[in-house]
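Examining the three-dimensional arrangement
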Amino acid sequence: MVVAMDQRSNANGDERFDPSAQPPFKIGDIRAAIPKHCWVKSPLRSMSYVARDIFAVVALAVAAVYFDSWFFWPLYWAAQGTLFWAIFVLGHDCGHGSFSDIPLLNTAVGHILHSFILVPYHGWRISHRTHHQNHGHVENDESWVPLPEKLYKNLSHSTRMLRYTVPLPMLAYPLYLWVQKSLVKKGPHYNPYSSLFAPSERKLIATSTTCWSIMLATLVYLSFLVGPVTVLKVYGVPYIIFVMWLDAVTYLHHHGHDDKLPWYRGKEWSYLRGGLTTIDRDYGIFNNIHHDIGTHVIHHLFPQTPHYHLVDATKSAKHVLGRYYREPKTSGAIPIHLVESLVASIRKDHYVSDTGDIVFYETDPDLYVYASDKSKIN
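Residues numbered from 1 in each chain as written. Predicted model: local features only at pLDDT ≥ 70, side-chain atom pairs only at ≥ 80, totals over all residues. Heavy atoms only, no water.

If you tally the helices and strands in the protein chain, you get 16 helices and four strands. In terms of its C-alpha atoms, the protein chain occupies a principal-axis envelope of roughly 65 × 60 × 45 Å. When the 378 residues of the protein chain are sorted by exposure, 51% land in the buried category. (Helix = DSSP H or I, 4+ residues; strand = E, 2+ residues; numbered from the N terminus. Buried < 20%, exposed > 50% of the residue type's maximum accessible area, 1.4 Å probe, protein only.)

See the structure below:
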């Protein structure tokens with residue numbers, strides 16, 4: 001069964017665009033529109049961003065410890081958590097191979113950056129690769145995947161509330177690393193024998209888990225050395241801010257557009273159609289800080305594009321993408337508008353139909369009606 005969104009008219013009588021329609025172009029047409037320089041990776045330039053972020057992280061930590069003021073600490077937490085997120089993005093580029101054409105450099109830098117923020121590099125990299133290879137697929141994708149209606153309705157009300165009440169979903173990333181589940185695979189990103197990984201990848205997972213364990217042990221040692229409160233203030237709270245950044249940004253890559261976007265199954269899914277459901281976002285002053293990760297459509301279609309070429313590549317590809325590219329709303333210095341998009345989406349995008357090869361999110365009208373209120377209604 002194939003379900004397609006009907007062409008609808010807006011207030012002016014104009015036909016609305018159907019984002020689930022087969023695109024009239026191929027992925028090769030997009031690639032051909034992108035200038036050659038956008039494919040060039042510079043290890044020196046990539047390392048300069050690493051140096052910039054590490055310098056900023058160290059400088060902020062030194063300043064926080066030096067001033068040790070409750071006026072300064074909240075400013076430090078917000079800034080440092082944002083830099084932790086920026087470091088994650090650089091490690092993410094290593095995982096895609098967009099950092100450089102030198103596999104050993106990518107692996108070494110990726111392990112250092114991701115281990116510092118308690119991310120198992122290879123475990124996450126392999127899972128994330130699966131996400132890119134299956135983006136927009138209801139069953140096979142592995143990141144913020146919609147629940148089929150039957151599975152959703154089998155959840156207890158309390159579980160639904162945990163999944164769809166802000167800010168709880170924005171704290172989900174550590175849990176995702178430990179108990180990640182999709183309709184196809186499940187298991188912790190730390191376990192070499194998890195179904196997330198092939199037997200040939202077990203040594204890679206063991207290496208990354210060892211690096212992660214060394215970082216965790218370092219934090220425990222520092223807690224005994226300088227006290228757990230100091231470690232919490234210098235590292236723990238920024239880590240939580242980082243997790244919120246990661247969950248919010250990755251959610252908004254695939255949710256929260258003003259118009260509902262399709263998810264696919266079966267023969268209707270293709271790499272191109274799945275990639276075209278991703279969304280670019282403008283994060284104001286944070287665009288440069290977190291390495292243009294909001295420029296996401298081209299990244300999803302061509303993940304080996306260096307982050308510092310994504311803006312140019314997107315500008316060059318727009319004429320090919322046409323209405324399949326959704327221009328991001330222009331942000332002020334602080335992207336407050338995205339908070340509204342995030343909250344609105346979580347409150348209405350709950351599940352998709354169990355049937356159909358093209359499906360759209362549906363809303364549970366009773367989710368936020370509490371049991372006591374339901375009894376009054378009945």
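Structure shown, so let's carry the discussion forward.
A few words now on the packing of helix H4 (residues 103-116) against helix H9 (residues 202-226). Put simply, H4 and H9 touch, their axes get as near as 9 Å, and they point 45 degrees apart. Comparing their axes, H9 and H4 come out oblique. In the packing of H4 onto H9, the handedness of the crossing is right-handed. The segment H4 lies against H9, with His-111, Ser-115 and Phe-116 engaging Thr-207, Ser-208, Cys-211, Trp-212 and Met-215. In the contact of H4 with H9, the residues fall into four nonpolar, four polar and no charged. (Axes fitted to C-alpha atoms, helices over the stretch in contact; angles between N-to-C directions. Parallel < 35°, antiparallel > 145°, perpendicular 65-115°, else oblique. Left-handed = near helix turned anticlockwise from the far one by under 90°. Contact = heavy atoms within 4.5 Å. Nonpolar A, V, L, I, M, F, W, Y, C, P; charged D, E, K, R; others polar.)

Here we take up the packing of aromatic side chains. Taken as a whole and judged by the stated rule, the model has 28 aromatic pairs. Ring plane angle 15 degrees and centroid distance 5.6 Å describe the contact between Trp-85 and Phe-88, whose orientation is recorded as stacked. Residue Trp-85 and its partner Phe-88 are located together in helix H3 (residues 72-96), separated by three residues, close to a single helical turn. Exposure class is identical for Trp-85 and Phe-88. Each is buried. (Phe/Tyr/Trp six-rings, centres within 6.5 Å; stacked < 30°, edge-to-face > 60°.)

Considering the arrangement of structural elements, one finds His-350 in the loop between helix H15 (336-348) and strand S3 (351-352). Using a relative accessible area of 0% as the deciding quantity, one classes His-350 as buried. The residues touching His-350, leaving out its near neighbours within four places in the chain, are Leu-147, Tyr-152, Tyr-164, Tyr-361, Glu-362, Thr-363, Asp-364, Leu-367 and Tyr-368.

Moving on, we get to empty space enclosed by the protein. Scanning all chains against the criterion turns up two cavities of 30 Å³ or more. Size it by volume and the largest cavity reaches roughly 130 Å³. Contributing to the lining of the largest cavity are 14 residues, with Gly-256, Lys-260, Leu-261, Asp-349 and Tyr-361 lying nearest its centre. Taken as a whole, the second largest cavity encloses approximately 40 Å³ of empty space. (1 Å grid on protein atoms, 1.4 Å probe; cavity = no way out; pocket = protein on both sides within 12 Å on 5 of 7 lines; lining within 4 Å. Points joined across faces, edges and corners; volume = space filled by probe spheres on them.)

Within the fold, Trp-178 resides in helix H8 (residues 173-179). Once the C-alpha coordinates of Trp-178 and Asn-191 are considered, the two residues, 13 residues apart in sequence, prove to be 9.1 Å apart. With residues near it in sequence (within four places) discarded, Trp-178 still touches Gly-187, Pro-188, Tyr-190 and Trp-212.

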